[in-house]
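Fold and geometry: a report
Next come the chains, spelled out residue by residue.
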Amino acid sequence: MLAPLALWAASPLVAGGAPTERELRDDVQAGKQREQSLASAADRLARLERALAADIAVLERRLGDVRAELARGERRLEETKGELREQRARRVRLVERLAESRELLGRRLRELYTAGKPDLVTVVLSSNGFSDLLERAEFLRRIQDADESIVEAVRRGRDDAREQAERLAGLERRQRDDVVAVRRQRDALEGMNAALEARRASYAQARAARLAALRDTR
């Protein structure tokens, strides 16, 4: 009678829902496997996060160089625009001055050639001999040559201003194209950087979740 009673007394410890030693070992083993899996996943995500951080650092250095290059290009473009405006304004002033110089020269030439030829009496009375007459003619010739030199100098200045304006206009177009290209490169790099930052943040979030689960499992 004692043996059946002893078995009956011990049976609720096993059949009443308490885990057996094997079940406990299985639970511990499953917990260890889950722990290893979570730890491995967390380590893998940490490596990916570090790799992305290194890529982001390289990309940010490149982005900084491109931004500096863009700033220099924009400054050069603004300087070229200012020079171009100055040359165009200079050309306008020289064109106006050339018109005035031509008008003045034409007026003097008309005065010289429409004054009429003086007769012999007028020449004799108004000059102190032949040498004085030659000196007066030479003086008039020098005035005419000086006027023509002024006109020629203004014309050369006008042509030079036009050539400078054309050169600067071409330079402005090239610089504008360069600035647009650098801006596109900057925008592309900023987009890549934002995408990498978002991916690194997602890796960090996933790693934090796995570490939290790892703590719970432990």
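For clarity, every value in this text was computed on a predicted model and none was experimentally measured.

Quick notes on the rules
- Residues numbered from 1 in each chain as written.
- Predicted model: local features only at pLDDT ≥ 70, side-chain atom pairs only at ≥ 80, totals over all residues.
- Heavy atoms only, no water.
- Helix = DSSP H or I, 4+ residues; strand = E, 2+ residues; numbered from the N terminus.
- Buried < 20%, exposed > 50% of the residue type's maximum accessible area, 1.4 Å probe, protein only.
- Contact = heavy atoms within 4.5 Å.
- Areas by Shrake-Rupley, 256 points an atom, 1.4 Å probe, with all protein chains shown as cover.
- pLDDT = per-residue confidence, 0-100.
- Core = buried A, V, L, I, M, F, W, Y, C linked by side-chain atoms within 4.5 Å.
- Salt bridge = Lys/Arg side-chain N within 4 Å of Asp/Glu carboxyl O.
- Patch = residues over 30% accessible without salt bridge, like charges linked within 9 Å, V, L, I, M, F, W, Y side chains within 5 Å.
- Lys, Arg positive; Asp, Glu negative; His and termini not counted.
- Charge placed at Lys NZ, Arg CZ, Asp CG, Glu CD.

**As for the overall build of the protein chain**
Regarding its fold elements, the protein chain presents 4 helices and 0 strands. Residue burial in the protein chain is summarised as follows: out of 218 residues, 21% are buried. In the protein chain, of all internal contacts separated by at least 6 residues, the share reaching a separation of at least 24 is 95%. Within the structure as shown, the protein chain displays about 16,000 Å² of accessible surface, and the carbon and sulfur contribution to it stands at 54%.

**Focus: the confidence of the model for the protein chain**
Chain-level statistics for the protein chain give a pLDDT mean of 78 and a share of 76% at 70 or above. The weakest mean pLDDT in the protein chain belongs to helix H1 (residues 2–15) at 44; the strongest belongs to helix H2 (residues 21–114) at 85. In this model residues 1–16 is a low-confidence stretch, pLDDT under 50, and it forms 2 contacts with partners more than four residues away in sequence or in other chains.

**Observations regarding the environment of Leu48**
With respect to the secondary-structure elements, Leu48 resides in helix H2. Between the C-alpha atoms of Leu48 and Ala204, which are 156 residues apart in sequence, the distance is 9.3 Å.

**What about the side chain of Gln87?**
Positionally, Gln87 belongs in helix H2. Overall, Gln87 belongs to the buried group, its relative accessible area being 18%. Look past the residues within four positions of Gln87 in its chain and what remains in contact with it is Ala161, Gln164, Ala165 and Leu168.

**Comments concerning the nonpolar core**
In this structure, Leu52, Ile56, Leu59, Leu63, Val66, Leu70, Leu77, Val179, Val182, Leu189 and Leu196 together form the largest nonpolar core, which totals 11 residues. Among the elements of the structure, H2 and helix H4 (130–217) are those that each provide at least two residues to this core. For Val66, the contacting residues outside a window of four places in its chain are Val182, Gln185, Arg186 and Leu189. Counting residues in hydrophobic clusters, the runner-up holds 6 residues, among them Leu94, Leu105, Val151 and Val154.

**Some thoughts on the pattern of salt bridges**
Under the counting rule described, the total for this entry stands at 13 salt bridges. A single salt-bridge network, built from bridges that share partners, covers Glu152, Arg155 and Arg156.

**Considering a positive patch on the surface**
On the surface, a cluster of positive charge is contributed by Arg44, Arg47, Arg50 and Arg210. Counting residues per element, the positive patch draws most heavily on H2, at 3 residues. Within the secondary structure layout, Arg44 lies in helix H2. What makes Arg44 partly exposed here is its relative accessible area of 43%.

**A few points about the environment of Ala181**
Of note, Ala181 is situated in helix H4. For the pair Ala181 and Leu70, spaced 111 residues apart in sequence, the C-alpha separation works out to 9.3 Å.

**Observations regarding the environment of Ala99**
Relative to the elements of secondary structure, Ala99 occurs in helix H2. Spatially, the C-alpha atoms of Ala99 and Arg155 are 9.6 Å apart, while their sequence positions differ by 56 residues.

**Side note on a negative patch on the surface**
There is a patch of like negative charges on the surface, built from Asp65, Glu69, Asp177 and Asp178. Those elements that provide at least two residues to the negative patch are H2 and H4. Structurally, the position occupied by Asp178 is in helix H4.

**So, the side chain of Glu172**
With respect to the helices and strands, the residue Glu172 is situated in helix H4. Look at Glu172 and you get buried, because its relative accessible area is 12%. Residue contacts for Glu172: discarding those within four places in its chain leaves Leu77, Thr80, Lys81 and Leu84.

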